[in-house]
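Each chain, letter by letter, is given below.
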Amino acid sequence: MRSEYTRPESGTCRLLTRLIVLLIAVALLLPLAACAKTGNGEQTQDSATTTAAVDETTAAVTLEQDDIPATLKFGGEQVNILCWDSKTDFVIDPDDATDAVLSEINKRNQIVKSRLDVNLEWTQIPGSWNDRNSYVEKTYNDVQSGGYYDIFSGYSLTGALMAVKGVSRDLLTLDTINFSKPWWPETLLETNTINGKVYFVSGDISADLLYTMYCFFVNKELFADTHPGRTVDELYKYVDNGSWTLDAFFSECQDLWSDVNANGEHDIGDRYGFVAEDPCIDAFYIASDLKFLDKNDEGKIIVSDQVRSEKTLTLLERLNGFFRTDMDGLLVSTAQNAGSGRGTFNNGLSVFALEIISYAKTLQVAADFSYGIIPLPKFDADQSQYYTCNGFAYSNYSVSSGSGVSESAAAAVIECLASEGYRNVTPLVFETTMKYRYADAPDDARMFDIVHDSIVFECGRSFALLFENKPFGLFRLALRDQTVSSWNRQVTSNWSKLNSYADEVNNALG
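Each residue is numbered by its place in its chain's sequence as written, counting from 1. Predicted model: local features are reported for residues with pLDDT of at least 70 only, side-chain atom pairs are reported and counted for 80 or more only, and whole-chain, interface and lining totals are derived from all residues. Here the side-chain values reflect all heavy atoms present in the structure, with hydrogen atoms and water set aside.

A. Focus on the sheet that holds strand 13 (residues 395–399). Only strands that DSSP links by at least two bridges are regarded as paired with each other. Labels follow the DSSP assignment, with helices taken as runs of H or I lasting at least four residues and strands as runs of E lasting at least two, numbered in each case from the N terminus. Spatially, the four strands line up as an open sheet ordered 2-1-3-13, and their pairing is mixed. In this open sheet, the two edge strands, each paired with only one partner strand, are strand 2 (118–124) and strand 13. Sheet twist, expressed as the average angle between the axes of neighbouring strands with direction ignored, equals 20°. Helix-sheet contacts for helix 4 (residues 132–144) involve strand 1 (77–83) and strand 3 (151–155), and the interaxial angle to strand 3 is about 165°. Each axis is a line fitted through C-alpha atoms, and for a helix only the stretch in contact is used; angles between axes span 0 to 180 degrees, taken between their N-to-C directions. Any pair of residues with heavy atoms lying within 4.5 Å of one another is described as a contacting pair.

B. The side chain of N106, seen in detail. Mapping N106 onto the fold places it in helix 3 (residues 100–116). Since its relative accessible area comes to 16%, N106 is described here as buried. Residues in contact with N106, not counting those within four places in the same chain, are V91, P94 and A97. Under the scheme applied here, a residue whose accessible area is under 20% of the maximum for its type counts as buried, over 50% as exposed, and between as partly exposed, the area being computed with a 1.4 Å probe on protein chains only.

C. Region of the structure containing the nonpolar core. Here, nonpolar core means buried Ala, Val, Leu, Ile, Met, Phe, Trp, Tyr and Cys residues that are tied together by side-chain atoms lying within 4.5 Å of each other. Counting residues in hydrophobic clusters, the biggest one holds 161 residues, and the most contacted among them are F274 and F352. Broken down by element, the residue count for this core peaks at 15 residues, all from helix 16 (residues 407–434).

D. Highlighting the environment of G269. Positionally, G269 belongs in the loop between helix 10 (246–253) and strand 7 (272–277). For G269, a relative accessible area of 23% corresponds to the partly exposed category. In this structure, the C-alpha to C-alpha distance between G269 and S340, residues 71 residues apart in sequence, is 9.0 Å. With residues near it in sequence (within four places) discarded, G269 still touches V260, N261 and L349.

E. Structural context of the pairing of strand 3. In terms of burial, strand 3 is a largely internal element, five of the five residues being buried. Relative to strand 3, strand 1 runs parallel, the two being bridged by three bridges. For C83, the partnering residue across the bridge sits in strand 3 and is S153. In terms of strand pairing, strand 3 meets strand 13 through five bridges, oriented antiparallel. Bridging across to strand 13, Y155 finds its partner in S395.

F. The sheet that holds strand 7, seen in detail. Ordered in space as 10-7-11-6-12, the five strands form an open sheet in which the pairing is mixed. Both outer strands of the open sheet, strand 10 (329–332) and strand 12 (371–374), are each paired with one neighbouring strand and no more. Ignoring strand direction, the axes of neighbouring strands in this sheet form an average angle of 25°. The pairing of strand 6 (residues 214–219) with strand 12 spans four bridges and is antiparallel. Following the sheet pairing, F216 is matched in strand 12 by I374.

Laid out in structure tokens, this is it:
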């Protein structure tokens, strides 16, 4: 059990809710079927527009609502939001709503303004990986100078940096945010609560969190070709019955290497069972229900003993053997062969690929095969559930400690943005990444939901910049540089330094 704060039935309830949406949508659409088809079996543009409207209406009625009272109004109060330069998470000007998801984000913002009677003023500045420090400095200077901004929405790794600088407020003191709702991932409180306080949050409030979910992509045609008499539906059954484990995954990849480029070597250009680029590979650690950092009984950050456990070493050895001895999988170093991992999958030379969900946008242009998604495998059959971590390019939200508006206004805006995002933006992200509406492919949609509902926030990733990126970096580099044999020595040599970093964070957040 990962935490006392769990909602064990939420994943099941969420899937049932989606099925209810599906059944209602199908019932509503049946009368339209006869007139919505052209002679070649394709929908007309008008019918597609009508379908989208019906789906949106149904979802808004059926999916879980928030607890924000209809009477909660703020008399046109202006809430100023400083955000970073994501191209897919924010709409500053309505003219920026250049695709379906951005258009829905823009509509979400307008709904929040109307529901709460607030004026949302968004200011966007550089703040991604290369500009993370300047973004944090901007927030710090703003608080020190009296606080123009009320909410900070920054690149994920800036949340912890702002917290230790005293830039953000404790969100647990703000009653309007309901962390038991499905738009906040289950492990959010477990991970983000430090010394009894929470300084930053993410979830369905950030479309980028959905785009950066790690998962396995599966080439449906290649799977069928390399597994005679079988289809990807069998993998979906493994996922559904809980038997999608490392053993099952390795078995599906066994003996699939083929020397396509005929040079007698295992290299790029050959066919493999699996391909991944090295920045993705530490997702296996989180998927195996392991932590880099943990909390002690007092709620303070500590280095997890799991880092130096037999389980971690076993995971490293098995993955290293998979890539280096059995050669069933290809691990691509982006420093040496940037883009070759994606290129391998794009070109139909791998059955599985480990990537973030937004990779689907590339596949829609670069690939001519059908694809599905499934979660990363469990460590073993004893593991109770699947776990999904994210790439770092998503948004964390904080309430400024120097905010000039009422705390309740800032909190209500965050809760309402997340709530409306859950009901309207999240379903559309599925449709645009998977190429079809939820109702068109319920099995694929169920896999998307399982990945979404298993998102895990982990201290070693959320607080990575305060630990020199070592928690996840050590694991990643051990596989990339083939230094697994010295893992225990590496951990021992860094143990004292990692614990000193933990002390610094705890003192800052005390």
